[in-house]
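What follows is each chain in one-letter form.
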Amino acid sequence: RGLPVGPLNDRDRINRSYAQVGFIEFFVAPFLMGLSCMVPPLDSLAVEPMIDNLDSWFKRWRDESMPPEEELKRVAERISAVTARGLQRNLGKPIDVTDYMTIANSDMGR
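As a convention, each chain's residues are numbered from 1 in the sequence order in which they are written. Reporting of local features is limited, given that this is a predicted model, to residues whose pLDDT is at least 70; pairs of side-chain atoms are given and counted only at 80 or more, and all residues count toward the totals for whole chains, interfaces and linings. Side-chain metrics rest on all non-hydrogen atoms present in the structure, leaving aside hydrogens and water.

The way it works is that DSSP assigns letters per residue, a run of H or I at least four long becomes a helix, a run of E at least two long becomes a strand, and they are numbered from the N terminus. Looking only at helices and strands, one finds 4 helices and 0 strands in the chain. Secondary structure elements of the chain, listed N to C terminal, follow the sequence α-α-α-α. Whether a residue is buried, partly exposed or exposed follows from its accessible area with a 1.4 Å probe, protein chains only, as a fraction of its type maximum: under 20%, in between, or over 50%, in that order. Residue burial in the chain is summarised as follows: out of 110 residues, 38% are buried. Note on contacts: a residue pair qualifies if any of its non-hydrogen atoms lie within 4.5 Å across the two residues. Partitioning the intrachain contacts of the chain with sequence separation of at least 6 by distance along the chain shows that 69% fall at a separation of at least 24. Carbon and sulfur atoms provide 57% of the accessible area of the chain, an area that totals close to 7,100 Å². Under the convention used here, a 1.4 Å probe and the Shrake-Rupley method define accessible areas, while residue burial counts only the protein chains that appear.

So, in structure tokens, the structure goes:
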């Protein structure tokens, strides 16, 4: 009865780690990176911690879900793109975008 439960609100079926990765990728990262262009101190106060948080949720998703190699690679590439944009554009730091495949395969014996 009432309204149907939205996909991100269904506690029985949601993969919280994967949802967090998507939320950061599509909402938080663009918002913080745009805002940090206007307020440069946010680079170290918000963008760097956001990238660390994204990395943490990615590892948690990888460890809990044990996704197929193809899906793991696809998500790792998406995260690499977000990380590269955040570090290169906002912080002026070089990044090796292959780092996430190393992270994706580490700690799992893959």
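One less than the residue count of a helix, multiplied by 1.5 Å, gives the span that helix is expected to have. For helix α2 (residues 42-65), which comprises 24 residues, the first-to-last C-alpha distance of 33 Å matches the rise-based estimate of 34 Å (1.5 Å per residue) to within 8%. Of the positions making up α2, those classed as buried are Leu 42, Asp 43, Ala 46, Val 47, Met 50, Ile 51, Leu 54, Asp 55, Trp 57, Phe 58, Trp 61 and Arg 62. Looking one or two places after α2, you find Met 66, whose phi comes out positive at around 45 degrees.

Here we come to the packing of aromatic side chains. For Phe, Tyr and Trp, where Trp contributes only its six-membered ring, two rings pair if their centres lie within 6.5 Å, and the inter-plane angle classes them as stacked under 30 degrees, edge-to-face over 60, or tilted in between. All chains considered together, the criterion is met by 4 aromatic pairs. Ring centres of Phe 27 and Phe 31 lie 6.4 Å apart, and the angle between their planes is 5 degrees; this geometry places the pair in the stacked category. Pair noted here: Phe 27 and Phe 31 are both in helix α1 (residues 16-38), with a separation of 4 residues, about one helical turn. Taken together, the aromatic side chains of Tyr 18, Phe 58 and Trp 61 make up a single cluster linked through ring pairs.

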